[in-house]
Amino acid sequence: MADYIDIEQAKTLSGLRIVAPPGRPNPWAEGLKSLCHIKRVPYVLVRKVAGHDPALQGWTLQSSAPVAVWNDERPRTTWNEQLYLLERLVPEPSLVPKDKEARVLMFGLCNELCGEAGLGWYRRIMIIHSTLSDPEVTEQGKAAASYLGEKYGYSPASAEAASQRIGQTLRMLNTRLTAQQSEGREYFFGNLMSALDIYWSTFAVLLQPMPPELCPMDPAIRDSFVNTDPIVAESLSPELLAHRDRIYREHLQLPMDF
Ligand SMILES: N[C@@H](CCC(=O)N[C@@H](CS)C(=O)NCC(=O)O)C(=O)O
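Residues numbered from 1 in each chain as written. Predicted model: local features only at pLDDT ≥ 70, side-chain atom pairs only at ≥ 80, totals over all residues. Heavy atoms only, no water.

**What about helix H5 (residues 100-114)?**
Then, in step 1: The end-to-end C-alpha distance of H5, which contains 15 residues, comes to 21 Å, matching closely the 21 Å that a straight helix rising 1.5 Å per residue would cover.
Then, in step 2: For H5, the complete set of buried residues consists of Ala102, Met106, Phe107, Leu109, Cys110, Leu113 and Cys114. Taken end-on, H5 shows its buried residues confined to a sector of 170°, consistent with a single buried face. Facing away from the buried side of H5 by more than 90 degrees, the exposed set consists of Lys100, Glu101 and Val104.
Then, in step 3: Tucked into the core, H5 has its buried residues touching helix H2 (27-39), helix H4 (79-89), helix H6 (119-133), helix H8 (156-182) and helix H9 (195-203).
Then, in step 4: Measuring from the backbone nitrogen of Glu101 back to the side-chain oxygen at the start of H5 gives 3.3 Å, which picks out Asp99 as the cap. (Helix = DSSP H or I, 4+ residues; strand = E, 2+ residues; numbered from the N terminus. Expected span 1.5 Å × (residues − 1). Buried < 20%, exposed > 50% of the residue type's maximum accessible area, 1.4 Å probe, protein only. Arc of directions from axis to C-beta. Contact = heavy atoms within 4.5 Å. Polar contact = N/O pair within 3.5 Å; in protein donor to acceptor, adjacent residues only side chain to side chain.)

Okay, structure coming up:
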């Protein structure tokens, strides 16, 4: 497992500190760490304790992870602020398209993955729903799912809507990717990698994690992440998964370390 320091120690340091949950591939945190990897920005990992974390709340005025804290600047708690921070610290290679139409589309698609009511959000609702409906899940497992459900908009109605919404996002990504590939381009936006290639690659763990030797996660968490929903499965194309595999193989850190 990667090395983590605690929040009290992190507060005494400068440079980049990333708060993340140890031992599990949080797709937002893996995305942020991947931005740093590509831009070669060093950082220290800071432990977020499971469930409500009063120390994180005290430091950053919220308690979700990941958080990026650069020197004494305000904590960056959302994926787009984190991307802009990394772009500012190391402008090249830029992970944001220069062309304005491409840029608008890239941020829109990233938001469909990482934002509120995006793929990560709805996939979490599906996982919470399966956990709460499973009679074999322990009380501890149910308590953890209820905590996340209250915090992130779970209701049986939202669980009902989730698979259609995720399917729609996957189809948009697939249409974009395959159109680029049919014109001989390698990435979602031409021949240069963008933040969308990275976030797609890290969010795909919520549907089909890479094998244990590349993504060494707890087997119970792995089981809960593997998609079994037919509507989602129909839209999760081999091209999208192959793209994830290639981005990890050629650009990101393997085996993953969290
Ligand atoms: N604020 C992030 C989203 C991060 C997020 O949803 N983190 C969740 C992942 S499950 C988390 O840390 N949950 C644990 C908790 O709230 O205790 C963003 O907008 O980029």
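**A closer look at the domain arrangement of the chain**
Quoted interface sizes are often the accessible area lost when the parts come together.
Then, in step 1: Taken domain by domain, the chain comprises domain 1 (7-89) and domain 2 (100-251).
Then, in step 2: Tallying the contact residues gives 19 residues for domain 1 and 26 residues for domain 2.
Then, in step 3: Carbon and sulfur atoms make up 70% of the area that domain 1 and domain 2 hide from each other, which totals about 1,800 Å².
Then, in step 4: Counting across the interface, domain 1 meets domain 2 through zero salt bridges. (Domains from an automatic or database assignment. Buried area = accessible area lost by both parts, 1.4 Å probe. Salt bridge = Lys/Arg side-chain N within 4 Å of Asp/Glu carboxyl O.)

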